[in-house]
Structures are given as C-alpha cells and as structure tokens.
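# Examining the three-dimensional arrangement
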Amino acid sequence: MSDQNDLTLRAEQEERLRAVWKPPEGLFLRWTDVNNNRVGVWYTLTAFAFMLFAGVLALIMRTQLAVPENDLVSANTFNQLFTLHGSMMMFLFAVPMFEAVSIILLPQLLGARDLPFPRLSAFGYWSFLLGGVFVGGSIFFNAAPDGGWFMYPPLTTRTDLSGLGADIWMLGLSFIEVSSVAAAVELIVGVLKCRPPGMRLNLMPLYAWYILVVAVMILFAFPPLIAGDLLFEMERLLGWPFFDAAKGGDPLLWQHLFWIFGHPEVYIVFLPSIALFAMLIPTFAQRHLLGYPWIVLAAVGTAFLSFGLWVHHMFATGLPKISLAFFSAASEAVAIPTGIQVFAFIATLWAGRVIWSTPLLYAVGSIAIFTIGGLTGVMVAIAPFDWQAHDTYFVVAHLHYVLIGGTLLPLFGGLYYYWPLITGKKLSDRIGRIAFWVMFAGANLAFFPMHLSGLEGMPRRVFTYPAELGIGGLNMASTVGAYLFATGVLMVCIDLALSPTRPKGVRNPWNAGTLEWLAKPEDENWGIRSVPLIESRYPIWDQKDFVAKVDEGRFFLPDAEEMKRETIVTTVLDARPLQVVRLGTPSFIPMATAVALGSVFILTTYHLYWWSLAGAFVTLGCVLTWLWTGTAIIPEKPEKSIGHGIVVPLYISGPSASGWWAMFITMLADATAFSGLVFGYYFYWTVHPDFPPPDAAGPGVFWPMVAMGTQLASWAATVVAREVHARGQVLVARGLLVVGIVLTLASLLAGLAGPWFTGLNPVDHVYPAIVWVLAIWTAAHAGVGAICQGYTLARSIAGRMTPQYDADLRNITVFMHFLALTAVVTYATIGLFPGAAS
C-alpha cells in the first residue's frame, strides 16, 4: 500500500512539473517562448544556417580562384564575398554557435531547471536573427560590405570609397554584439549562481569552467570593438575625424581597438570546442579526466594571454621594436597552456579504455588539424617571418587550419555526441565516419597548398592572378579540396535530415558520467525530476543509486507546488542553497525589445535619424515594461522548503542575488567599452606631440568639475537612500532619490556645457571630436542613471519595492557606482589633463 501511495504521489508531482514546463506545440519556436532549451535549439539551427550560407560564399570565391585570370565574378562582387564570408563565420557562426550550444547544455550540466534569465536568452536570439538577416541579406542587393571583415580605415570610413555596405557591417554587427554580451551575462550568472547544491567550483564540469572563462572574455573583448564601431560610424555619418590623419586622427587606433577584440575572439571560439573535448574524451576513455586543476589553470592562462597578443596582427605597421619583441614573445607563450590542455586529453585517452566512436574520431582529427595551425601560428608570431608572410595566402592557410581544427570539426564531434541528448536519437555512425574522412581530406587539400602559394607570393584578397605566377595548380587543388570539404558537410546535413525517421534510443547511450545525461529520450521540456546533491565530478559513475534517486524525486525541489517555473540559486564558491528563484514565463517582450532596438541600428544605417530616435524611445518603453512586469516580483510567501529540511527565501537582493550579479557583469562590459574610448584619447596624446593642439580651446575646468561634483553627489544620495530604505525610512529614501534625479540631470547638462560653451567643433580636429565623444558617453549614461532612479522611485510608490524587497534599489546602486567612476575619469581627463583646459 505504501509503494502504491509513493507511485501516486510521484505521478502527481510529475504532472505538476509537466504543467509548468510543457513546451509549445508544433515544430516552430513560438514567438512568445522563453524556454532556454527550445530557444537554444533554434539559436543553434540559425547559426548553422548562417554557416552554410557563408560556406556557399566561400565556394564561389574558390571557383573564381580555381584558374588564373578567371572572370566568374567581378572584383567588387569578390570583395563583398570575402568580406561577408569572414564576417558571417566569425560574428554569425563561431561565437553565436557556442552561446547557443551552451544555452542548451548548461542547465542540464548544472542540474538546473533553466538558466536564470530565460527572457534575456530569447532577446539575444531575436537580436542575433534580425542582425544576421540584415547583414547577410545585403549581398542580394549588391550592398554587402566590401572592406574585409576587419574594415580598416581610411578606405572604409571615406564614404566616397565605400558605399552603404560599411554602415550595414558596422551597425548590423554592433547589434549582434549586443546579443553576444547578453548571452555572456546569462552564462556567467548561470554558472556562478545556478549550480546544484554541493557542486563547489572544483567539482564543476570542465565545460562549465570553459564557458565561464569564455563568457568573461567576451565582456573584455567585445566592448572595445563596440567603442571602435561608435567612433567609426561617427566619422562616416558626422565627419568627426577619428581616423583621418589630416585632422589629427590615426587609422591605427581602429586596428588596436579591432584586434583587442579580434585576437581574443580566436580563443573565444576555440575554448568552447576544447570544452566539448573535455566532456566526450572522459566518456570514451571511461575514466575521469586527468589533470583537472591544470586544465582549469590552462584555460584561464589562455584567456589571460590572449589579451596580450593583438599587436602580432600589426607587425607590418611600423610599431617600435620593443613592442614587436613583447608581443612576439606573448604570441609564442600562448602555446604553453594550449599544449597543457591537449596533452591532458591525450594522457586521459592513454590511461583509459578507449571506445573509438564517431565523436571521438572528430575530436582526434580536429586536434591534428589544429596542431598544424598552431605550428604555423608560432611561425607568424616571429616578426621577421611575419613581414614576409603578412597579407599572403600563408596567413589564410594558418587561419583556416586553426578555425577548422579548433572550431568547426569539434562542433561536428559535439553534434554527434549530444544529438541523442537533444532528440533522443543517435546519428548514423557510418555516415558520420565517412563525412569525417571526406572533410579531413578536403580541409588538408584545400588549405595546405595555400601555405605554398602564399610563400610563392600570392597576396590575400585578390580576385584573380596572372598565370605567370605559376600557382594555378595550387589554387586548383585548393578549390577541389574546398568542394570535397563541402561534400562532407553536406553528408552531415543529410544525416541530420534523416534523423527524424530513426527510432528513439536508450538513455545515456554513451555511458557518460556527467549530469546532462540524466535526461530521458521521452522527457518533456521541464528539466530533471529533482535537483541533485553533488559529491563528485562524475556523479552518475561515482554516487551510488544517483540516477534512481534523481528520478524518484529524492533530492531537492521535486515538486512545483505553486505551479511556477523555479530553480535553485546557490552561493558562488561552495554552492550552498540561497534562494528558489521564479523564472521568466512566455512573453512577447523579448522579441519586441529586439525588434525595437534593431530598428535603431537599421534606421541609422539609412540616415533616418528621427525614426531611429523614435525606435530608441520604443526600446526604452519595452525595457521598462520588461523590468516592471517580469523582475523583482514580491512573492506570495517569504520562503519555501526545497526538501531535506532546508527552507530558503523566494526573494533575495544584493550581492547574493542573481539580478545583482547580472547588473554588475553588464556594467563591467560597459566600463570596458568606455575604457576603449579613454584609450583613444590617450592614444592620440601618446602618438601625436601636438595633442591637444596648442591653439585648441579645451572645455575648461569649471563645467567638467561641476559635472563631476553633481554626479558624485547624486551617487552619494543614491547610496544613502539604499541604506535608509533598508532601515524602513521609506519617505526619506524617496526624497533622496528625487534629489539624486535632479543632481544626475544637472550633471548631464554640465557635462555637455563645457564643450558647448567653449565652441569645440568636432569636425575640425580629432581633439574636440574625442572630447565630445567622452562627454556625450557620460551624459548619456547620466540620462540612463536618472531613468533608473525614477524607475526605482516609481516602484516604491507603487508598492512593488519595500525595505524587505529592495532588489531594484540595490541593483541601480551598482549602476550608480559605475556611473560615478565614469564621470570621474571623463571629467578629470577632459578638464584637468595637462594642456586640455584653456
């Protein structure tokens, strides 16, 4: 009788979970859906489609280059092809693909019901989709960018030399970068705050470690490019001469800002692929991965060193020799942590009982190809050799060996490994193995001859070449190899298309030991039965009766008592339960926000500034609606039992809360973009002895100091409001918020008054232009600060914020910390920096 009661209770509990987590009906993503698993699948499919489109562009290029003096496409079309191919592969495939896969895998790897901000993931997907279609579709209207995926000024900033394509590239990809930063925030908070109880940092799956490292890299790599994009578009649209040497600008500033992003990005797309190896190699060696702490340190070391390599893309620009020596040494040193990771994988296979599966075949093959790319990378890291090989097809060969071996083939290996997890069905081993060998042969045939053609003198980015150069045979071999590689990709696509016709497989078909394989082929989309207690890195292997206990609901949060979407928030270091968080439910707001924000970028591209401004106001309205209706909601009861006698609150605020972490991480990204602008100011001062110009009138001291003082006073008022509000003095806190709003707006006006009243004309010279940019950036953030303060005041008046439930006030205080720092740096720079004030 007791057993029957247990079965009845379990059936009732599972039915409750089904009601909460049931996915939308039908094949297509419902436009209101924010379930991370479903969003992640469509994110992945969209990135895969963009990859196939970019691959078709590459095949057209290789066809054009198959024989000398070919006229299949014109020079202008060829320029559009290679620019769009590189841009789509890097911005629309490599980075979004890792984010998409992580959105699917992380919740399951961490034993969480979902990541903490599913609406943010949905916003990121719609932003990515709209931006990708806008940029990729431009080629059908002969309006694609044609300045290379790096868009070097001054050829691209001069509107008489480049058309609308440069604006499409800059603004479209800036929009996509917003989605990348949004995904990074989601992934970092998910890894740090949504781990299951007991999963200390040293017990995290290596995939989670790699994703944490890469997401942090995005915070420091993408924002400098956003800063560069801002300067780039202000020169194109307004004539402000940031890269115009005739007016004090410098085109090398763009190269610095681009490659501060561009070289870490190589590792941003490489490390997630290594993460897939870290998951599948222990499975097919049937043992724990050797050297876990060394692999973590190597991943962190790779990330750290990757930010000290960007200048090796600029060896031919005439930089000082001391710079060449430093960056050359750093470029060679990065091979050390990379080698540690590869040798740890090899040692694990050596010590285990290897099962030679299709996913493992892709992993081993990709390591072989990546090693060749790494060796040529060490070669081009040596400045004298780089001077000879720079801008030749040798560099093209190196880049593609690294990206195919370090990104593309590992993703195919991960596809064959994780397809049963996503669909419950295995892909064909036979087709997968044949496709691998076809791609392996095709990649080597396509790109190895490019080393030789580059050494023979074939330059990059040329649409044809003379027969007298004697490299027609090498180019024909590369073209045949490209088509062979494409054939292998086509076979994988056919395998995927046949998958729906195959029967469901068994649970955990690879006998893996990590949490994601708790999923059953017939599971609904509501997550695992209960959130487990973790005592090992491979709990399925090591913890007794682990799977049965999860299935029977014997761990944490086994029921959906209030019919809400819930998961557990834990401490950062040792994963102790802190809160049960209610997750976002299906909503049209993420998509509406993405469309509105996309309209700002797209309308600006066509110089429709008033309509773009209207789009900005609509975006603001969407964001405020999103926050008002979907965040910091006061629960119907203060706490909840999660099982085993543990009771945790349903609402927390401050540094323990996931929302506080999201604000802090977002502001880190914002501060990094700001540092790119400040870097530009001091870069001009460093390289130009006449910066600021002797006859230039600076913004003076008075107005910048007034702006700094009022902003610091507003910051202080907000901090005091937070403290007195926590003590129950609500009316005093509201009054301080009103004072803060007035002071913030005063700071905004004073910050713009300095350059305005002194008549700084940003079109005349780069000095007034960069002063205006810093002032506008800080003033715009002051405007956002005033909106944040007003929003919090409104929440308090409406009864949606109380002394016990004060997440809004604590979160905007984080924003005000960063705003105060921005104001101090900006106004000290433009008002007090020697020679800047007159």
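These figures come from a predicted structure and were not determined experimentally. (Residues numbered from 1 in each chain as written. Predicted model: local features only at pLDDT ≥ 70, side-chain atom pairs only at ≥ 80, totals over all residues. Heavy atoms only, no water.)

On to the overall build of the chain. Each helix and strand in the chain was counted, giving 24 helices and 4 strands. In terms of overall dimensions, the chain is globule-like: its C-alpha atoms have a radius of gyration of 28 Å, near the 28 Å expected for 838 residues. With the principal axes as the frame, the chain shows a C-alpha extent of 95 × 80 × 45 Å. Intrachain contacts of the chain at a sequence separation of at least 6 include 81% that bridge at least 24 residues. Split by element, the accessible area of the chain, about 31500 Å² in all, is 70% carbon and sulfur. The chain carries 45 positive and 52 negative side-chain charges, and their two centres are separated by 9 Å. (Helix = DSSP H or I, 4+ residues; strand = E, 2+ residues; numbered from the N terminus. Rg over C-alpha atoms; globule rule 2.2 N^0.38 Å. Contact = heavy atoms within 4.5 Å. Areas by Shrake-Rupley, 256 points an atom, 1.4 Å probe, with all protein chains shown as cover. Lys, Arg positive; Asp, Glu negative; His and termini not counted. Charge placed at Lys NZ, Arg CZ, Asp CG, Glu CD.)

To continue, consider a nonpolar patch on the surface. A cluster of nonpolar side chains, Val67, Leu445, Met476, Val480 and Leu484, forms an exposed patch at the surface whose accessible area comes to about 340 Å². Here the nonpolar patch takes 3 residues from helix 15 (residues 472-498), the largest share from any one element. (Patch = residues over 30% accessible without salt bridge, like charges linked within 9 Å, V, L, I, M, F, W, Y side chains within 5 Å. Salt bridge = Lys/Arg side-chain N within 4 Å of Asp/Glu carboxyl O.)

Moving on, we come to the nonpolar core. Buried together is how nonpolar side chains tend to be arranged in soluble globular proteins. Residues Tyr207, Tyr210, Phe242 and Phe412 are the most contacted members of the largest nonpolar core, which totals 241 residues. With 23 residues, the top contributor of residues to this core is helix 7 (residues 251-285). Judged by nonpolar contacts, the second largest core, of 10 residues, contains Leu737, Ile741, Cys788 and Leu793. (Core = buried A, V, L, I, M, F, W, Y, C linked by side-chain atoms within 4.5 Å. Buried < 20%, exposed > 50% of the residue type's maximum accessible area, 1.4 Å probe, protein only.)

This brings us to helix 5 (residues 164-193). One full turn of an α-helix is made of 3.6 residues, so residues set three or four places apart face in the same direction. When the terminal C-alpha atoms of helix 5 are compared, their 44 Å separation across 30 residues agrees well with the 44 Å that a helix rising 1.5 Å per residue should span. Most of helix 5 sits out of view: 28 of its 30 residues are buried. (Expected span 1.5 Å × (residues − 1).)

Sheet analysis places strand 3 (residues 639-643) next to strand 4 (residues 646-649), joined by 4 bridges and oriented antiparallel. If you follow Glu639 over to strand 4, its bridge partner there is Pro649. From the end of strand 3 to the start of strand 4, which pair antiparallel, there are 2 residues, and His644 there has a positive phi angle of about 60 degrees. (Pairing = 2+ DSSP bridges.)

For the peptide bond that leads from Pro153 to Pro154, omega is 0 degrees, which places it in the cis range. Along the chain, Pro154 falls in the loop between helix 4 (118-136) and helix 5. Along the chain, Phe691 connects to Pro692 via a cis peptide bond; the corresponding omega equals -5 degrees. Topologically, Pro692 is positioned in the loop between helix 20 (658-687) and helix 21 (702-726). One non-glycine residue, Ala632, lies in the positive phi region at around 50 degrees. When you line up the elements, Ala632 lands in the loop between helix 19 (609-630) and strand 3.

Let us look at the pairing of strand 2 (residues 577-582). Relative to strand 2, strand 1 (residues 566-570) is paired through 5 bridges, and the arrangement is antiparallel. Looking across to strand 2, one finds that Val569 is bridged to Gln579. The antiparallel pairing of strand 1 with strand 2 creates a hairpin that spans 6 residues between the two strands, and Ala575 there sits at a positive phi of about 55 degrees.

Below, the discussion takes up the packing of helix 18 (residues 589-605) against helix 19. The interhelical angle for the contact between helix 18 and helix 19, taken along N-to-C directions, is 160 degrees, at an axis separation of 8 Å. As summarised for this structure, helix 18 and helix 19 are arranged roughly antiparallel, according to the angle between their axes. Crossing of helix 18 against helix 19: the hand is left-handed. Contact residues: Ile589, Pro590, Ala592, Thr593, Ala596, Leu597, Ser599, Val600, Leu603 and Thr604 in helix 18; Tyr609, Trp611, Ser612, Gly615, Ala616, Val618, Thr619, Cys622, Val623, Thr625 and Trp626 in helix 19. A class-by-class count of the residues in the contact of helix 18 with helix 19 yields 14 nonpolar, 7 polar and no charged. (Axes fitted to C-alpha atoms, helices over the stretch in contact; angles between N-to-C directions. Parallel < 35°, antiparallel > 145°, perpendicular 65-115°, else oblique. Left-handed = near helix turned anticlockwise from the far one by under 90°. Nonpolar A, V, L, I, M, F, W, Y, C, P; charged D, E, K, R; others polar.)

Structurally, Asp545 is set in the loop between helix 16 (539-542) and helix 17 (546-551). Taking the C-alpha atoms as reference, Asp545 lies 48 Å from Ala330; in sequence the two are 215 residues apart.

For Leu130, the location among the structural elements is in helix 4. Judged by relative accessible area, which is 31%, Leu130 ranks as partly exposed. Between the alpha carbons of Leu130 and Ala594 there is a distance of 8.1 Å; along the sequence they are 464 residues apart. Beyond its immediate stretch of four places on either side in the chain, Leu130 contacts Phe175, Ala594 and Val595.

Between side chains of opposite charge, a pair can form as their charged atoms come close. All chains considered together, the criterion is met by 18 salt bridges. The shortest N-O distance in the salt bridge between Glu562 and Arg582 comes to 3.7 Å. With Glu562 in the loop between helix 17 and strand 1 and Arg582 in strand 2, this pair connects stretches of sequence that are 20 residues apart. For Glu562, a relative accessible area of 17% gives the class buried. Between Asp808 and Arg795 there is a salt bridge, with its nearest N and O atoms 3.1 Å apart. In this pair, Asp808 is assigned in helix 24 (residues 807-832) and Arg795 in helix 23 (residues 766-797), connecting sequence segments 13 residues apart. By sharing partners, the salt bridges in this structure join Glu562, Glu566, Arg582, Glu636, Lys637 and Lys640 into a single network.

Note on placement: Leu105 falls in helix 3 (residues 75-109). Along the backbone, Leu105 and Leu421 are 316 residues apart, and their C-alpha atoms lie at a distance of 9.3 Å. In this structure, Leu105 is in contact with Tyr207, Tyr418 and Leu421, ignoring residues within four places of it in sequence.

A few words on the packing of helix 4 against helix 18. Running from N to C, helix 4 and helix 18 point in directions that differ by 30 degrees, and their axes come no closer than 8 Å. Crossing geometry of helix 4 relative to helix 18 is assigned as right-handed. Along the contact surface, helix 4 presents Arg119, Ala122, Phe123, Trp126, Ser127, Leu130 and Phe134, while helix 18 presents Pro590, Met591, Thr593, Ala594, Val595, Leu597, Ile602 and Thr605. Among the residues making up the contact of helix 4 with helix 18, the classes are represented as 11 nonpolar, 3 polar and 1 charged.

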